[in-house]
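In case you want the letters, here they are:
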Amino acid sequence: MDHKEWREYEEKCIQERPPACMTTCPVHVDARGFSSAMKAGNVNKAWEVFRKTVPFPGIIARICDHPCESACKRGEVGDPVAIGALEKACATLQTAPPVKLSIAPSKRKRVAVVGGGLSGLATAYDLAVKGYGVVLFEAGERLGGAILSYPEATLPKQVIEEDISVMERLGVEVRFGATVGEMVTMTDLQRDFDAVYVGQGKSAGAHSLLEHSAMIDPVTFATNIEGIFAGGSWRTGSSSPILSLSDGRRAATSIDRYLQNVSLTAVRENEGPHETSLYTNLEGIEPLPLVTASDAKAGYTLEEAMEEAGRCIECECMECVKNCEYLHQFKAYPKVYARQINQNLRIVKGLHGANTLINSCTLCGLCKEVCPEDFDMSVLVREARTEMVNTGKMPPSAHAFPLQELEVANSEAVAFTRHQPGKGTSRYAFFPGCELSGSSPDHVERAYAYLTDKLDGGVGMMMRCCGATAEAAGEMKLFAESLQKIRQEWQEMGQPQMVLACSTCYQTFKNHLPEMEIVSLWELYDEYGLPDEAGSKVTGVVAVHDACTTRYEAGIQESVRHILKKLDFTIEELSNSREKTACCGAGGLVPYANRQMANDMAKRRASESQADYVAYCAMCRDSLAAQGKKTYHLLDLIYGDADLSAPAKRGPSYSKKRQNRLQLNAKMRESWWGEMVALEKKSYQSIPLKISDDVEQILDARMVLEEDIQKVIEHAEQTGEVLVDKQSGHLIANFRPTSVTFWVEYSKDEDGYVIHNAYSHRMTVEGNE
Amino acid sequence: MATNDLYPKGEYECYKCNIPLEPAKVTVTYLGSNFTVDLLKCKNCGHVLITEDLALGKMLEVEKMLEDK
Ligand code: SF4
Ligand code: SF4
Ligand code: SF4
């Protein structure tokens, strides 16, 4: 994506759009910000917010007909917030000093404003602030027009005087008793002024002033007479004071543009009342009725006003942020993140502050599912990772480990492809994927036995990694190579239908190898019935954790539920399930780049229900179980080897998984195909290690493999380069096989090496490397 | 990384040379950037100790910083 496309994508997020009250208000008072300050009892701050978009605030606060309330979202769960009444209370309670005027330098142009009602006053105000010389013609003896007729209790004369006195401070010249059409003519005004605004009340004969026409452009308020603009209640046909005020301000904008010789019509869509595209989910918001003032005449007391303002929902979207731990933890929302990531990609010199942001998304797609605008963070994150790899800006530590795992999983010692023993062709090929092979190799064999038993036409075996790791790392070249290899073997096998046990593989095949027919292992168990040895000894209530890579695979989700029902389980649906499923935390290579984030996401998912979970992805199972959540793999239940009364069991360590894959290759090739597999054993592999469970967990979290430790010890033994901690007597040694230096703290006993600790760094140290 | 408190409190010695490690100026390098740091070193064979605290603390921090540059 180029810069422009990034900006366009960023715009999809509507979180920063104004709330409905604000866009419905003709002068766009920030009623949300206002309510928020009122809720806190900060009356002067609320007043500041209010008068920011309202000239003559004392008057307007008391008489506004508050059209905003009709759009207030609170109205859908209770009564709309009484914004009008709150503004009135604010006007009486506030003690803020008068507004500071900042007047632009003189523009040396003069504007005549005809009519001293609200719209004329507003035009005069705005133009005077912009530096125009303004003369206001008022037929009567006082300014204010229609507002003078309000009862004293509603709008005290003193308030009117105070607010209107701003005209003097602005240097507006007022000519009273100046009926245009009698004392002065329109022609006089056109001659003496650079522009004219006619803003008269309903009763006034404005139409007669504009003899030849009453044609007013509803957007620009320009009439069809050059230099003459018009608005106000005779135009709107309503007695809404706030609409008159809005007319006056919008006309002032036009006159300013007219006198500056710029387009009158450009970018005016969002003036006056309009709709907003801000989305606010009202689910779970408790309905609340209007707070009534104990003294209706006096209006809200401070306490009542605070309570009423407290009903404001403070409308915003944040749907995705509410649903995703990652988006939540970075403390903003996708529009901001998109900006940060884009910036991160463009920086030439300086700190790339968004690297962690980019490498902490699990690419699960939930954001898109819950976003009213289909904003998909994973699209941006994938794009960013790819670009970083291409420009050499991906931090080396982020994905080195999983990419190395990928390499091993696709090495000759692990990967193999065969037709079913005794068959020369394959109508199907089982592709168990690297996660299941590493996490529970026995199940791979049992599933293969099942498939060869149930399916005719030959079920081949294709053991390797689908390459999703490379894709998630942004290593697109590597990914393409991996796909090409799969394609080639599939051709050689005679284009079998691929049977996929892993949901991530499923998506990889579906999206990137569309020429292949695919089916999920679960759909087959559902269709062909459970194996004879099936059946968990115990049953109960379980909650299904759908893999995020099956988000839109309703067929697979259904099959999984059918299988559980056949096994006599009662299913509890999580609130985030099926297309709304939440990630287990292990996606997007997050456990390698930001382990804490992966753990937090797993914890959040684990806490959704008290029930035990069933996952149908080995990675999901292991990720949730590592957080102490009892989670079974569907195959554990199908083959009855789950112990429902035992506590949660962690999955195997990275080391163990790697060994499992190697052994699975040898075991299957020997027992199924009768091959002689000579396991090539490296010298260090025979070094016996003693590692306690606690230490194993630490090593795993640090991504230190047993073979790394063995290499360090072999090196120490060969060179004698060892340090001694005098206090504990432990030996400390280090070795750098490639780009990471491993350190091991150990001691020797009669039959091996007791490992106390291990850690690594990427820096090189003079004297050591 | 120009701090002076990077060597640990405990006592360490070089097994090969059989002498205690002593503070010394050592250059560490990552992604083309060099720093000189005080670390524990065997004056004889030059073997430098990097402790767990250092590797997972300050060193990691600087690695991340350099990776983000
Ligand atoms: S709830 Fe608050 S922010 Fe939302 S529309 Fe109503 S007043 Fe405005
Ligand atoms: S982790 Fe999932 S929901 Fe969160 S931003 Fe990434 S793709 Fe979206
Ligand atoms: S759901 Fe998220 S991305 Fe979508 S509009 Fe709302 S805040 Fe923006």
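Residues numbered from 1 in each chain as written. Chains lettered and ligands numbered in written order. Predicted model: local features only at pLDDT ≥ 70, side-chain atom pairs only at ≥ 80, totals over all residues. Heavy atoms only, no water.

**Overview of the domain arrangement of chain A**
No. 1: Once the domains are mapped, chain A shows domain 1 (18-98 + 305-309), domain 2 (110-260), domain 3 (319-394), domain 4 (399-528), domain 5 (541-649) and domain 6 (683-761).
No. 2: A C-alpha centroid distance of 35 Å is found between domain 5 of chain A and domain 6 of chain A. (Domains from an automatic or database assignment.)

**Things to note about the interface of chain A and chain B**
No. 1: The partner chain B presents 33 residues to the 32 residues of chain A that form the contact.
No. 2: Between chain A and chain B the total buried area reaches about 2900 Å² when both faces are included, carbon and sulfur atoms providing 56% of it.
No. 3: When residues of chain A are sorted by the area they lose upon contact with chain B, Leu723, Met763 and Glu766 of chain A head the list and together hold 23% of the total.
No. 4: Here chain A is connected to chain B by three salt bridges.
No. 5: Salt-bridge contacts for Lys726 of chain A lead to Glu13 of chain B; the nearest nitrogen and oxygen are separated by 3.3 Å.
No. 6: Applying the counting rule to chain A against chain B returns 18 residue pairs in polar contact (both at pLDDT 80 or more). (Contact = heavy atoms within 4.5 Å. Buried area = accessible area lost by both parts, 1.4 Å probe. Salt bridge = Lys/Arg side-chain N within 4 Å of Asp/Glu carboxyl O. Polar contact = N/O pair within 3.5 Å; in protein donor to acceptor, adjacent residues only side chain to side chain.)

**Details of the site of ligand 1**
No. 1: Surveying the vicinity of ligand 1 reveals the residues Pro19, Cys21, Arg32, Cys72, Lys73, Ile83, Cys312, Ile313 and Cys315 of chain A.
No. 2: Grouping the constituent residues of the shell around ligand 1 by class yields seven nonpolar, no polar and two charged. (Near = heavy atom within 4 Å. Nonpolar A, V, L, I, M, F, W, Y, C, P; charged D, E, K, R; others polar.)

**Here's the deal with the site of ligand 3**
No. 1: Residues in close proximity to ligand 3 include Cys13, Ile14, Gln15, Cys317, Met318, Glu319, Cys320, Pro334, Cys371, Pro372 and Phe375 of chain A, which together make up its full environment.
No. 2: When grouped by side-chain class, the residues that make up the shell around ligand 3 number nine nonpolar, one polar and one charged.

**As for the nonpolar core**
Residue and element names in this part refer to chain A.
No. 1: Tyr326, Phe430, Met498, Phe509, Trp522, Tyr525 and Ile638 are the most contacted members of the largest nonpolar core, which totals 130 residues.
No. 2: By residue number, the principal contributor to this core is helix α21 (residues 377-390), which donates six residues.
No. 3: Once residues lying within four places of it in the same chain are set aside, the contact partners of Met498 are Ala429, Phe431, Met462, Trp490, Phe509, Met516, Glu517, Ile518 and Val519.
No. 4: One finds Cys21, Ala122, Tyr132 and Leu245 within the second-largest nonpolar core, a separate group that totals 68 residues. (Core = buried A, V, L, I, M, F, W, Y, C linked by side-chain atoms within 4.5 Å. Buried < 20%, exposed > 50% of the residue type's maximum accessible area, 1.4 Å probe, protein only. Helix = DSSP H or I, 4+ residues; strand = E, 2+ residues; numbered from the N terminus.)

**Examining the pairing of strand β18 (residues 741-749) of chain A**
Residues and elements named next belong to chain A.
No. 1: Burial analysis of β18 places seven of its nine residues in the buried class, the great majority of the element.
No. 2: One ladder, built from five bridges, connects strand β17 (residues 731-735) with β18; its direction is antiparallel. Residue pairing for β18: Asn734 is matched across the bridge by Trp743.
No. 3: Linkage of β17 to β18, two consecutive antiparallel strands, is achieved through a turn of five residues.
No. 4: Relative to strand β19 (residues 752-761), β18 runs antiparallel, the two being bridged by nine bridges. For Phe742, the partnering residue across the bridge sits in β19 and is Ser760.
No. 5: Adjacent in sequence and paired antiparallel, β18 and β19 are bridged by two residues. (Pairing = 2+ DSSP bridges.)

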